[in-house]
Structure formats: structure tokens, C-alpha cells
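Notes for the structure review
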Amino acid sequence: MKISIISFITAALATFALTATGSPPTAIADPAVEAAAARIELQGAVNVRDIGGYRTYDGAKVKSGKAIRADSLDKLTPADVQKLGSLNLKAAIDLRTPAEVQFSGPDKLPAGVQQVSRPIDDTGLFQQMLQAIQSRDPQRQEELLGNGRAEEIMAGVYRSFFNTDSLAKFGQTIKDLAATDKATLYHCTAGKDRTGWVTYVVLRAVGVPEQTARQDYLLSNQFRAAADAKLREDVKRAGLMQNPDLLIPLQEVRDAYLETAVDKLEADYGDFGKFLTQGLGLDGRTILQLRKNLVG
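Because the structure is a prediction, the values reported are computed rather than measured. (Residues numbered from 1 in each chain as written. Predicted model: local features only at pLDDT ≥ 70, side-chain atom pairs only at ≥ 80, totals over all residues. Heavy atoms only, no water.)

In the case of a regular strand, side chains alternate between the two sheet surfaces. Side chains Ala67 and Arg69 project from strand E3 (residues 67–70) onto one buried face, and the interleaved Ile68 and Ala70 project onto a second face that is buried too. Sheet topology note: the strand E2 (residues 49–50)/E3 ladder contains two bridges and is antiparallel. Bridge pairing in E3 links aspartate 50 to isoleucine 68. (Buried < 20%, exposed > 50% of the residue type's maximum accessible area, 1.4 Å probe, protein only. Helix = DSSP H or I, 4+ residues; strand = E, 2+ residues; numbered from the N terminus. Pairing = 2+ DSSP bridges.)

In C-alpha cells, the structure reads:
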């Protein structure tokens, strides 16, 4: 592809259902939930948040400084790395696939922070979208993404969270959050789908109301909107797509996407509790430990 590497990277990142949209998001989180979310301002990442601050059903509060959700850390500045160094991080769990890491680069982390590679399958979406955008073919892009096909792709991604390998890796990530004596950070590329699902499950597991956990998931639309508006403009300016609006369903988080996963959870396991134990492999002791570690 005869464009600059910066434009190419911009295009690629815009494809993997891992950037938010420059247009108004489909769903906007409740202002009260947004106020509770502790955003960590960095120059090289836009969707980094401490999930502490939310209230549980019994009135307790999720602790700050324990679990941090994020987007990719490969573009952090030295000042960003220094700021992360002040968060008492024990580990950073990278949920990106090898193709994503190879394309964008490894995490930039403070010295002493354990780097954990735990790739969650993307159902081939990254390569598929790269090929479509590289083609610069409006008809091919329309055939792939138009008329509800992009939404179908995203539904497939969320259903894939329940394959055996993904369940094991999501479960291990939650076990890590239960066991750490410091802060654990976990992320994918845009911090919205794989990271959003982990966070939704963790918040519900420790007793945060479902609607609050759902609203936290939807916050990615707001936190990513400004940065990704520019990405969308760059895709069009580079001549990669005549109609970058085709990417909108891939760029957003939506209630419908989360509901796809929740419906799959209920169909496979019957209820959330059985999903934690039978699906994610969490025993009662680990679930109690998770709440003790994250709530107080």
C-alpha cells in the first residue's frame, strides 16, 4: 500500500473493532457513572481508567488502585510511563493477538512491572479488516461491512468470548485480579471489547449492579470519541475508504453487542453465577477473594 506508515497504522487500528467513533455514539453512559469513573489521563492512550469508585448492592465501594482497564500501551510517552510508574502496578496483562502486537508494537511499561501476554482470539477480524481497507475498493468494503454485516461481525466477536481458550484466559485474568496485592492493569487495543467484557464480568462478580457495570462498558464511546474522530478523518484523507462510516459499527461499543454476550452466557450456563464457576473456572474461594481484594 503506497501510503505513509503512519496512515497505514491509523487505518489498521481503525479496522479491528478497536477504536471508537467520531460520530455521536449509539449509547451514552449515565452521567453519574461517568463521574465515578476515574480516568487516567495519558498522552499515548485515551481509554485508561481505574475501575474503583462504583457502589455495590450492599453499599460498599470498589477500591481504587487495584484494577485498571486500558487501551494499548504501545504509544505511551516517557511521561506516560512515569505516570504509570506511580500507580503501584504489579502486572500489565496484554489481551492483544500476536498479529496486533506485531503490527502496533509491545507495551511500554515502567521498570519492574510484569508483562503478561494473554492473547484473546479475534476470530480473524484484524487480518480481514486490514485486507479490506488495504484494497481501497469501495465495493468490496461495502460488501464486507454494509447492510448490517459489520454488526454481524461484532456479534461473532462477542460470541467468541465463550470458546474454550478465551474462557480460560478471561478466567485467569480474573484470578490475577483476585490475588494481587498491588494494582493489575489489563488491556486490548482500544480497551473496549475484550477489556470491556472483563470489566463488566468483574464488576458484576463483586456485587456492582448490572446496570452500573453496563454503563461502565458504554463509557468507551465517550472516552475514545475525540481521538478517534481524527482517526476516521485520516482514513478518508489517506484515500483508504470513500465511506469510513462503514466502520462505525466496528468502532463503537453497543448495548446490542454486550447483550449478545449476556444472551450467550445465559444460554450456555443458565445464570451469571454458574458462568463464573463453570465457564470461567472460578471457585467460591476465588470469588470471595476477588470481592475482598477489590471491595472495601
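Before going further, it helps to examine the side chain of aspartate 50. The topology assignment puts aspartate 50 in strand E2. Despite its burial, aspartate 50 pairs with no opposite charge, the nearest such side chain being arginine 69 at 10 Å. At 2.7 Å, the side chain of aspartate 50 forms a polar contact with the backbone nitrogen of glycine 65. Residues in contact with aspartate 50, not counting those within four places in the same chain, are Ala38, Ile40, Lys63, Ser64, Gly65, Lys66, Ala67 and Ile68. (Lys, Arg positive; Asp, Glu negative; His and termini not counted. Salt bridge = Lys/Arg side-chain N within 4 Å of Asp/Glu carboxyl O. Polar contact = N/O pair within 3.5 Å; in protein donor to acceptor, adjacent residues only side chain to side chain. Contact = heavy atoms within 4.5 Å.)

This part is about the packing of aromatic side chains. As enumerated under the stated definition, the model contains eleven aromatic pairs in all. Ring pairing ties together the aromatic residues Tyr158, Phe161, Phe162, Phe170, Trp197, Tyr200, Tyr217, Tyr257, Tyr269, Phe272 and Phe275, which thus form one cluster. One cation-aromatic arrangement involves arginine 204 over phenylalanine 272; the distance from NZ or CZ to the ring centre is 4.1 Å. (Phe/Tyr/Trp six-rings, centres within 6.5 Å; stacked < 30°, edge-to-face > 60°. Lys NZ or Arg CZ within 6 Å of the ring centre and 35° of its normal.)

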